[in-house]
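Results of the structural survey
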Amino acid sequence: MFTRCANSLGHYNNNNNNNNNNNGCAASPKCCLSSEEKPEDACLQVATNVTEQKHHVTRETRGKNLGLCRGFRGCTVWLTGLSGAGKTSIAFELEAYLVSRGIPAYGLDGDNIRTGLNKNLGFTPAEREENIRRVGEVAKLFADSGVVAICSFVSPFADDREMARKIHKDAGLKFYEIFVDTPLDVCETRDVKGLYKKAREGVIKGFTGITQEYERPQMPELVVNTHGYTVRESTQKLVTLLEQEGIIPRSLRDVDLLPELYPSESIATEALRHEAESLQAIEISTVELQWVQVLAEGWAYPLRGFMREDEYLQTLHFNTLQSGMDGSYRENHSVPIVLSASQADKDRLDGSSSLTLKYQGKAVAILRRPEFYYQRKEERLARQFGTSNPNHPYSKQVYESGEYLVGGDLAVIERIRWEDGLDQYRLTPNELRRKFKELNADAIFAFQLRNPIHNGHALLMQDTRRQLLDRGFKQPVLLLHPLGGWTKDDDVPLDVRMKQHQAVLDAGVLRREDTVLAIFPSPMMYAGPTEVQWHAKARMNAGANFYIVGRDPAGMPHPDKDAYPDGNLYDATHGARVLKMAQGLDSMEILPFRVAAYDKSASRMAFFEPKRKDEFEFISGTKMRTLAKTGALPPDGFMEPEAWRILATYYQNLPQA
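Treat the numbers as computed from the prediction; the structure is a model and nothing was measured.

Some words on the packing of aromatic side chains
Taken as a whole, this structure holds 18 aromatic pairs when the rule is applied. Pairing F608 with F618 gives two aromatic rings, centres 5.2 Å apart and planes at 50°, and the pair type is tilted. One end of the pair, F608, is in the loop between β24 (604-607) and β25 (616-617); the other, F618, is in the loop between β25 and α20 (621-630), with 10 residues separating them in the sequence. Judged by relative accessible area, F608 falls into the partly exposed class, the value being 27%. Within the aromatic cluster, the residues linked to one another by ring pairs are W291, W299, F520 and W534. Here R539 stacks its cationic end above the ring of F520, 4.0 Å away from the centre of that ring.

Looking at the pattern of salt bridges
All chains considered together, the criterion is met by 39 salt bridges. The partner of R450 in a salt bridge is D491, with the nearest N and O atoms 3.3 Å apart. Here R450 is found in the loop between β18 (443-449) and α16 (455-470), whereas its partner D491 is found in the loop between β19 (476-482) and α17 (494-506), with 41 residues between them in sequence. The exposure class of R450 is buried, given its relative accessible area of 16%. One salt-bridge network, in which partners are shared between bridges, spans R161, E162, R165, E177 and E221.

With respect to the nonpolar core
As a rule of thumb, soluble globular proteins bury nonpolar side chains together. Of all hydrophobic cores here, the largest spans 77 residues; its most connected members are F306, L357, L410 and W534. Here this core takes seven residues from helix α10 (residues 286-297), the largest share from any one element. When near neighbours in sequence (up to four residues on either side) are disregarded, L357 contacts I282, I284, V292, F306, L339, K362, A363, V364, A365 and L410. Counting 43 residues, the second largest nonpolar core, distinct from the first, contains L422, L460, L480 and M605.

Examining unusual backbone geometry
Here Y301 and P302 are connected by a cis peptide whose omega angle stands at 20°. Counting through the fold element by element, P302 comes out in the loop between α10 and β11 (305-306). The backbone of E419 sits at a positive phi, close to 55°, despite the residue not being glycine. Along the chain, E419 falls in the loop between β17 (404-412) and α15 (429-438). By relative accessible area, which is 68% here, E419 ends up exposed. One non-glycine residue, S603, lies in the positive phi region at around 55°.

Examining the pairing of strand β23 (residues 596-599)
Here four bridges tie β23 to β24, and the two strands are oriented antiparallel to one another. Bridge pairing links A597 to A606 in β24. Where β23 folds back onto β24 in an antiparallel hairpin, the turn is made up of four residues, including S603, whose phi is positive at roughly 55°. Relative to β25, β23 is paired through two bridges, and the arrangement is antiparallel. The partner of D599 across the bridge, within β25, is F616.

Calculation notes
- For every chain, the first residue of its written sequence is number 1, and the numbers climb from 1 along that sequence.
- Note on the predicted model: pLDDT of at least 70 is required for a residue's local features to be given, and 80 or more for side-chain atom pairs to be given and counted; whole-chain, interface and lining totals, by contrast, use all residues.
- The side-chain figures draw on all heavy atoms in the structure; neither hydrogens nor water molecules are used.
- Centres within 6.5 Å are what make two rings of Phe, Tyr or Trp a pair, Trp counting through its six-membered ring; a difference in plane orientation under 30 degrees is then read as stacked, over 60 as edge-to-face, and the rest as tilted.
- The helix count covers DSSP runs of H or I at least four residues long, the strand count covers runs of E at least two residues long, and both are numbered beginning at the N terminus.
- For the exposure calls, accessible area comes from a 1.4 Å probe over protein chains only, and a residue counts as buried if that area is under 20% of its type's maximum, exposed if over 50%, partly exposed in between.
- Whether a charge lies above a ring is judged from NZ of Lys or CZ of Arg, which has to be within 6 Å of the ring centre and within 35 degrees of the ring normal.
- Counted as salt bridges are all cases of a side-chain nitrogen of Lys or Arg within 4 Å of a carboxyl oxygen of Asp or Glu.
- Here, nonpolar core means buried Ala, Val, Leu, Ile, Met, Phe, Trp, Tyr and Cys residues that are tied together by side-chain atoms lying within 4.5 Å of each other.
- Contact between two residues is taken to exist if any of their heavy atoms lie within 4.5 Å; hydrogens are not considered.
- Two strands are said to pair when DSSP picks up at least two bridges between them.

This is the structure:
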């Protein structure tokens, strides 16, 4: 059986545990019967007293209810080729790809089938034919149930493959023959078990490609050559075929570049600026400009602008957005990205084909085909935050905003720059994807934070890298991604946090060579489990495939401190639990936060051990701020000294209340 490296970009590798599924065998009575021992006409006994039973559930009904993608997608993908060609590697990669996108799929591998369903079959011509017939029938049942059956079999005879095709054709099901056309000499180099060598020495009889002819497909749906390509690159050819055939709904989730909403050429920028000056305008706030940046750079893809009412309702009630050309796929999107408007704005602009968005009097974007709709503020807040308490910091902004919301497609005049000395850190999703490629990253793990880094955070990131290396990844890269939009007044400002993070990197606490420090431009909402889905989805758009989540992500104390026994707005465990279950985040693995505390016996941050709880001290944010303000030092090993100095200087220079 072929397996790929833990790195999904890994190259083909042979790891056979059984004789190849259709390739002949060594002389052993347990392995197979010869044609003399088992005549072809004695192989099968045909049942005649059977009647086909019709299912009560139609394919259309299965399509509506099976998996996350609406529509019937049942079919069979049949990979054929020599032993060592890479069939199983591609099959299992394709299976993982489909399942991660909510499309039911199952890989039927030749070796696996011969250890179960077909373990009573050998390798005579009749038995090989029966092997393929059985697999064809099983694949038909999978496909009829709405599953994509992915079959990886040498299947050397054209008549046998045509029989499998006919089984599907007679049932009205799609069948795709994929010829994995890898040269024989390449296949032999992948044969770490030495089966080709045994075949050439005569130990294995009837081995396809050596003593048994392989009949090349004449008109396959697709030819894939794996030599010189990674497993993912070869699999992408099948993905493209299945997209063209309508099996996989089209989505830009896996393309190299996400669409950006600002032009790449100065001529187009000037044309937009000229158009903007001719339109009526709405003045937007700083937070709304931050959302313009989020939308323009692709963090919220597939959103192409501020939400219209249908998109707003999907987000508010389902935490998802319909995606794909046919709307059959649901992308995770848990927070409303909306633009407010006053009654006067609506009266003045409703019915316009386009309008200009201005920030501090300067045109920044054009909103196409604007749609005004009423903003039910209490409903929005209750669903997004679990409370409509006006003392929640983001709720205040909602209550102070206009009575209406206005949605539409955005054409942003030029890339948003803040000119605060930090723009070089504001890498877009496309820039991050290119950076990860330059670093040869085979795993990208993202760490979201809005607070200074202490050595407990660093320990967690170091341990995550170790775990990924242990799993077989060669070049895991950390996306250290502090939130850079609006935060509440008592949070540490972005410029101070960035200096503090740089000090941690300068000290070598985190490895600079495989860490990318960048700013995430989103405002903070303090919406707990609802918001943490947004944080994960945005990093997924930037190319991350692992996400570290801690206790009470995006949480805060309840504005009414007596509302719950623990005084917090959200349960500290719900963020991580919700992320693991959230729809539309299937291609990102959630890594739970191990709790770190100060180990007094070792004078360092360490993972908490309940058996030694008396030897650990939890240094809260409140205690850390008190130490910093008073000029006291934290315990040795709590934070890198220069990083602490930067933080302490900030707190000591704050105006006294």
